[in-house]
Amino acid sequence: MSDTVDNADRFGDEEVAFGDTLVSVDGLTKYFSQDSGILGGISVDTDGGFPITFDRTKVRAVEDVSFEIRKGETLGLVGESGCGKSTLARTLIRLIEPTDGSVYFNGRDLSALESEELRKARKNVQMIFQDPQSSLDPRMKVGRIVEQPMRAHGMYGSDSEREARTRELLEKVGLDPQHYNRYPHAFSGGQRQRINLARALAVNPDFIVCDEPVSALDVSIQAQVLNTMQELQEEFGLTYLFIAHDLSVIRHISDRVAVMYLGQIAELAETKELFENPQHPYTQALLGSIPTPDPRSNKSRQTIDGDVPSPIDPPSGCRFRTRCPELIAPDQYDLEDGEWADVRAFMRSVDRRTFELGSGPEIEERFFDGRLPDGEVGTLIADSIDDIRADRWDEASEALIDAFAEQSICAQQEPSYETEPVYGDETHYAACHLHRD
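First, a word on scope: everything that follows refers to the structure included in this document. What you are looking at is a predicted structure, and each value in this text was computed from that prediction instead of being measured.

1. So, the overall build of the protein chain
Line of reasoning, step 1. A count of helical and extended segments in the protein chain gives 15 helices and 16 strands.
Line of reasoning, step 2. Restricting the contact set of the protein chain to residue pairs at least 6 apart, pairs at least 24 apart contribute 68%.
Line of reasoning, step 3. Here the protein chain has roughly 21,400 Å² of accessible surface; of this, 44% comes from carbon and sulfur atoms.

2. Digging into the sheet that holds strand β9 (residues 108-109)
Line of reasoning, step 1. Strand order in this open sheet of four strands is β6-β3-β8-β9, and the pairing throughout is antiparallel. The sheet is open, and its two edges are formed by β6 (58-70) and β9, each paired on a single side.
Line of reasoning, step 2. Inspection of the sheet shows strand β3 (residues 21-33) paired to strand β8 (residues 100-105) by five bridges, in the antiparallel sense. Residue Val25 lies in a different strand from β8, and its bridge partner there is Val103.
Line of reasoning, step 3. Relative to β3, helix α2 (residues 85-92) is tilted by about 115 degrees, and along the sheet it contacts β3, β6 and β8.

3. As for the sheet that holds strand β14 (residues 264-270)
Line of reasoning, step 1. Reading across from one edge, β10-β11-β12-β7-β13-β14-β16-β15 is the order of the eight strands in this open sheet, with mixed pairing throughout. Pairing within the sheet leaves two strands with one partner each, and these edge strands are β10 (125-128) and β15 (417-419). In this sheet, adjacent strand axes meet at a mean angle of 20 degrees when their direction is disregarded.
Line of reasoning, step 2. As paired elements, strand β7 (residues 74-78) and strand β13 (residues 256-261) share four bridges and run parallel to each other. The partner of Leu75 across the bridge, within β13, is Arg256.
Line of reasoning, step 3. In the packing of α2 onto the sheet, contacts are made with β7, β10, β11 (207-211), β12 (239-244) and β13, and the angle to β11 comes to roughly 155 degrees.
Line of reasoning, step 4. Across the sheet, helix α7 (residues 219-236) is in contact with β7, β11 and β12; its angle to β12 comes to roughly 160 degrees.

4. Quick word on the nonpolar core
Line of reasoning, step 1. Counting 50 residues, the largest nonpolar core has Val146, Ile195, Leu201, Ile208 and Phe242 as the members making the most contacts within it.
Line of reasoning, step 2. Per element, the largest residue contribution to this core is five residues, and it comes from helix α6 (residues 189-201).
Line of reasoning, step 3. Ile208 has contacts with Gln126, Ile128, Ala200, Leu201, Leu238, Thr239, Tyr240 and Leu241, leaving out every residue within four places of it along the chain.

5. Description of the environment of Ala223
Line of reasoning, step 1. Here Ala223 lies in helix α7.
Line of reasoning, step 2. Assessed through its relative accessible area of 37%, Ala223 is described here as partly exposed.
Line of reasoning, step 3. When the C-alpha atoms of Ala223 and Val249 are compared, they prove to be 8.5 Å apart, with 26 residues separating the residues in sequence.

6. Re a negative patch on the surface
Line of reasoning, step 1. Taken together, Asp26, Asp64, Asp100 and Glu414 make up a surface patch of like negative charges.
Line of reasoning, step 2. Mapping Asp26 onto the fold places it in strand β3.
Line of reasoning, step 3. For Asp26, a relative accessible area of 45% corresponds to the partly exposed category.

7. Some thoughts on the packing of α6 against α7
Line of reasoning, step 1. Closest axis-to-axis distance for the α6/α7 pair is 10 Å, and the angle between their directions is 15 degrees. As far as their axial angle goes, α7 and α6 are roughly parallel. In this structure, α6 crosses over α7, and the sense of that crossing is right-handed. Here Gly190, Arg194, Leu197 and Leu201 of α6 lie close against α7, whose contacting residues are Ile221, Gln224, Val225, Thr228, Met229, Leu232 and Phe236.

8. Thoughts on the environment of Ile304
Line of reasoning, step 1. By the secondary structure assignment, Ile304 is in the loop between α10 (281-288) and α11 (337-352).
Line of reasoning, step 2. Ile304 sits in the partly exposed class, given a relative accessible area of 21%.
Line of reasoning, step 3. Each residue touching Ile304, except ones within four places of it in the same chain, is listed here: Tyr282, Ala285, Phe320 and Arg323.

9. Here we look at empty space enclosed by the protein
Line of reasoning, step 1. The final tally for this structure, using the stated rule, is two cavities of 30 Å³ or more.
Line of reasoning, step 2. There is about 60 Å³ of room inside the largest cavity.
Line of reasoning, step 3. Split into classes, the residues belonging to the lining of the largest cavity amount to nine nonpolar, two polar and two charged.
Line of reasoning, step 4. Here the second largest cavity is characterised by a volume of approximately 30 Å³.
Line of reasoning, step 5. Taken together, Glu80, Ser81, Gly82, Cys83, Tyr261, Leu262 and Val308 form the lining of the second largest cavity.
Line of reasoning, step 6. Here the lining of the second largest cavity is composed, by residue class, of four nonpolar, two polar and one charged.

Here is what the cut-offs are and how they apply
- Residues numbered from 1 in each chain as written.
- Predicted model: local features only at pLDDT ≥ 70, side-chain atom pairs only at ≥ 80, totals over all residues.
- Heavy atoms only, no water.
- Helix = DSSP H or I, 4+ residues; strand = E, 2+ residues; numbered from the N terminus.
- Contact = heavy atoms within 4.5 Å.
- Areas by Shrake-Rupley, 256 points an atom, 1.4 Å probe, with all protein chains shown as cover.
- Pairing = 2+ DSSP bridges.
- Axes fitted to C-alpha atoms, helices over the stretch in contact; angles between N-to-C directions.
- Core = buried A, V, L, I, M, F, W, Y, C linked by side-chain atoms within 4.5 Å.
- Buried < 20%, exposed > 50% of the residue type's maximum accessible area, 1.4 Å probe, protein only.
- Patch = residues over 30% accessible without salt bridge, like charges linked within 9 Å, V, L, I, M, F, W, Y side chains within 5 Å.
- Salt bridge = Lys/Arg side-chain N within 4 Å of Asp/Glu carboxyl O.
- Lys, Arg positive; Asp, Glu negative; His and termini not counted.
- Charge placed at Lys NZ, Arg CZ, Asp CG, Glu CD.
- Parallel < 35°, antiparallel > 145°, perpendicular 65-115°, else oblique.
- Left-handed = near helix turned anticlockwise from the far one by under 90°.
- 1 Å grid on protein atoms, 1.4 Å probe; cavity = no way out; pocket = protein on both sides within 12 Å on 5 of 7 lines; lining within 4 Å.
- Points joined across faces, edges and corners; volume = space filled by probe spheres on them.
- Nonpolar A, V, L, I, M, F, W, Y, C, P; charged D, E, K, R; others polar.

The following block contains the structure:
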């Protein structure tokens, strides 16, 4: 891999050099128990067997995630709400204990550190949270809030030194040092987030995890806070993991971007490469959903059909396959692209019951232009139409999914491919079987 990234959105035409790997995430996994409470998941056997069993259903929030972040860069992490971004962030710095996997910071495995060692290591790893209001203690003055991490890590020898450093940091993040004795309620949302930024900088960290730090702010304030963060990154040599669901924010601040879906990384590439040459259908759908500000544009916004599957029982193979418009046809059927598109549309419409019940010919006309595919495929479709007309929708859907969706390579194997980039030199990772050849 190259040690430079050409990000025209951030730095014009200049190349930005990054150092060695600072953070390395290897197979990071976090499962939660669906049942909560002391007695959650406990059942009593009344049939004479062992009297108490524990059956906790696991929510697979983050599963087998791996990536690297180099010194001085910003890795953007984007995805729909509920895809696991915040859980990944908290697990990465062990605010939540991982189920499996490792996180190496400067070559040291954070996931293996004991409590006191971890506390010391956190001096170099800080986090900024999404809500600037709830992350600040309303009973403490701003100066005390910023000084708290210094005290916890035994930094600076006296109160006066800590106060001087705090006033300096308040000025660095764009606040008046004279506001040292104010309470958080006296500040706006953007100012509160700047206080959070000052607190994160108080212990001179190398790495800051930013969990949607501007999503609760007005757009005009977002730009100001982002610009401040970039200026501080250059001044202090900071490295960011920047989480957001707003693609315009990610494009503005990131050097590379990772796209997350249902607990896994779907795509990872340099920012320009990912936005100009997306290689995963999910990324393409996200980019296609961005509204166009030009009212004269005829471009229609792209939507993603269906609901996000449950993380308790995610789809096998590619997790996006149940919603993917590019689902690959099973090898055992000889289907033209147009025929497979018709079968796929019919299968998903049956599963979601998105059409009114009609006669067999009416259904055939609607989905197959009045003529079913030849051979076994046509027979399967005809049988499903008979089930639908008999109001056996579930049986029809199950038969179609078993015959087509579950036989696709998308369901049979987990995808993991590296493709040649069009822009820049970085390897372009895409978890999609469209790149298997």
